[in-house]
Structure formats: structure tokens, C-alpha cells
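# Commentary on secondary and tertiary structure
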Amino acid sequence: MQQIFNFLFKNSNRILFLLLLCISLLLTVQSHSYHKSRVISSANFLSGGVYEQINNVGEYLSLKTQNEALAIENARLKSLLFKSKDSSAIKRFQNLKVTLPEDIVVSKVIHNSFNVHENFLTLDSGSDAGLEPDMGVVNNLGIVGIIDKTSKNFATVVSILNVQSHINAKIKKSNHFGSLIWNGRSTGFVQLIDVPRLAAIRKGDTIVTGGQSVIFPENINIGTVDKVEIDNKTHYYTINVKLFNDMTNLGHVYVIKSKNRREFNNLEKTTKHE
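Being a predicted model, the structure only gives us computed values, none of them experimental.

## Concerning the sheet that holds strand S7 (residues 177–181)
With antiparallel pairing, the six strands of this closed barrel are ordered in space as S6-S7-S8-S11-S10-S9. For this sheet, the mean inter-axis angle between neighbouring strands, taken without regard to orientation, is 40°. One ladder, built from seven bridges, connects strand S10 (residues 221–230) with strand S11 (residues 237–243); its direction is antiparallel. Note that in S11 the partner of glycine 223 across the bridge is leucine 243.

## Quick notes on unusual backbone geometry
Positioned with a positive phi, aspartate 134 is a non-glycine residue whose angle comes to about 75°. Within the secondary structure layout, aspartate 134 lies in the loop between strand S2 (118–123) and strand S3 (136–138). Even without being a glycine, asparagine 175 presents a positive backbone phi close to 65°. The topology assignment puts asparagine 175 in the loop between strand S6 (167–171) and S7. A relative accessible area of 42% places asparagine 175 in the partly exposed class.

## Overview of the nonpolar core
Ranked by internal contacts, the top residues of the largest apolar core, which has 41 residues, are Ile143, Leu192 and Ile239. With residues up to four places along the chain from it excluded, the contact list for isoleucine 143 reads Val137, Val138, Ile160, Ile167, Leu180, Thr209, Phe216, Ile220, Asn221, Ile222, Asn245 and Met247.

## Here we look at a nonpolar patch on the surface
On the surface, a cluster of nonpolar side chains totalling about 370 Å² of accessible area is made up of Leu16, Leu19, Leu20 and Ile23. Mapped onto the elements, isoleucine 23 comes out in helix H2 (residues 12–31). You can call isoleucine 23 partly exposed: its relative accessible area is 40%.

## Here we look at the pairing of strand S1 (residues 104–112)
Burial analysis of S1 places seven of its nine residues in the buried class, the great majority of the element. Relative to strand S12 (residues 252–256), S1 runs antiparallel, the two sharing five bridges. Across the sheet, the residue bridging to lysine 108 is histidine 252, located in S12. As defined by bridge partners, S1 adjoins S2 across three bridges and the pair is classed as antiparallel. If you follow histidine 111 over to S2, its bridge partner there is threonine 122. Taken together, S1 and the strand that follows it, S2, pair antiparallel across an intervening segment of five residues.

Conventions we followed
- Residues numbered from 1 in each chain as written.
- Predicted model: local features only at pLDDT ≥ 70, side-chain atom pairs only at ≥ 80, totals over all residues.
- Heavy atoms only, no water.
- Pairing = 2+ DSSP bridges.
- Helix = DSSP H or I, 4+ residues; strand = E, 2+ residues; numbered from the N terminus.
- Axes fitted to C-alpha atoms, helices over the stretch in contact; angles between N-to-C directions.
- Buried < 20%, exposed > 50% of the residue type's maximum accessible area, 1.4 Å probe, protein only.
- Core = buried A, V, L, I, M, F, W, Y, C linked by side-chain atoms within 4.5 Å.
- Contact = heavy atoms within 4.5 Å.
- Patch = residues over 30% accessible without salt bridge, like charges linked within 9 Å, V, L, I, M, F, W, Y side chains within 5 Å.
- Areas by Shrake-Rupley, 256 points an atom, 1.4 Å probe, with all protein chains shown as cover.
- Salt bridge = Lys/Arg side-chain N within 4 Å of Asp/Glu carboxyl O.

Rendered as C-alpha cells:
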């Protein structure tokens, strides 16, 4: 202990200098948007590289499980092909009816958090692949999240298991809309709120994307109704939705580009400003 005190005393000037330097850099980054964006981009690059290496090891150890999943998916696709009268008419992405194949970027989840209130994912694709903030991320089972930030080769995604997430969704059979949120409790369930009490809802009904934004196309699967409650404050339904996706086990995903996204956002900004 005495040696530690002696070390601190001998190097007190250097330690004080480093402390003041860190504080000044922190204040500079927080007060200048350009510096802040560069730091965030660099952090995404560094953390993305680390996550990619860890993911490579994990993927090698789980090759058997991934091969089994691919076999099941191939069997499902072949079944659709065999049942179709015109096999050439089969679309590449069954649940993205209004999206062309060139508007899809296939990416891989290399980091996934799901045990905190504000969960994020990291993808191994970034701005070089055409990814931008506010693009929707899905897989073959349903929605995954929305891109938050990008660097050249990586992107972070706000998971649907994030208490800050709000996604337009609806009851498929009745087209009654609501807002999809997460209450921070179970990784297998999200909540659809602000659904009017006129809506006829039954356990097992399918919940899909509402299509009232340019982030997700309409009718992408989310989950099924598990429980319906009435919010005493708003007198609207709050629906507990069981997710189709296992958000604790994600592999390859599809990022949805939208050619009209910038036009839509600019129009909304102009309207709000006026």
C-alpha cells in the first residue's frame, strides 16, 4: 500500500495532466457535433472489429446448429416452390412484397445485447454497403430493429427489445393500428399499445408492421397476441405480443433500403417547421 502511495505522489503531476486532458477532450466532444460524430464512428469501427472476431469463433463452434437451420429453411422454400404452379413467379423475399431484391442488404449480427433495457445489435455491414440510419432490419421470421448509426464496415441497430423503440404495427385481420414498444421485462414479448377498444382481438391473432412509415414495408410478421388488457389511463387496449423471433439467437438479417425515405423525412420536417 505504501508503494502505491509513493507511486501516486511521485507521478502526481503526470496523473493530474492526464486527468485534465481527458476532461478537456470529453468537453470538446460533447460540445461539438462534428467531433462527437467522429468519435462515435471510430468507436463503432473499433468495437465492430472486436465483435467480428468474437463472432467468427462463435460461428465456427455453432456450425452444426446453423447447418440444421439452413436445411430447415431450404426445405420450407422447396415446399413453396413445389406447391407453386409457376415456380418462376416465386419471389425472393416472401414477406417483403413491395421490396425488390436490390433494395435488400444481407448482413450478419456479430453482437447482440438482450439483457438490459436499451439493447443494441452490431452488424458486419456499414455505409460502404449502402446502410444508413433509420433503415429497417428483419430476418425470415420477422422484424429485428432499426439502424441507429453506421461506420464504413459496421452498423449498430436499435433492437425491438429497447425501451426507446417505437414501431408502427397493426392487427393483421382487422387493420387496427397501434405502437409497438417493449416494457423491458421478457425477451420473448413486446407490447402493442394505443389499440382502440373497437378492435376485435383474440389470442393467437397475428401482429404485423403497419406500413405507416418508410422504415418497414407493410405486413412484415412480428408475433401473435398472447394477452389483452385495458389501460385504465387511456382506455385503449395494451396487447402482449409473443414474438416470432428468438431475439437472443440472431444470425443473418436483411436490411431494407428505401428509395423514398429521404423524400418522406424531408417532407415531414418541412411540414412540422411550417
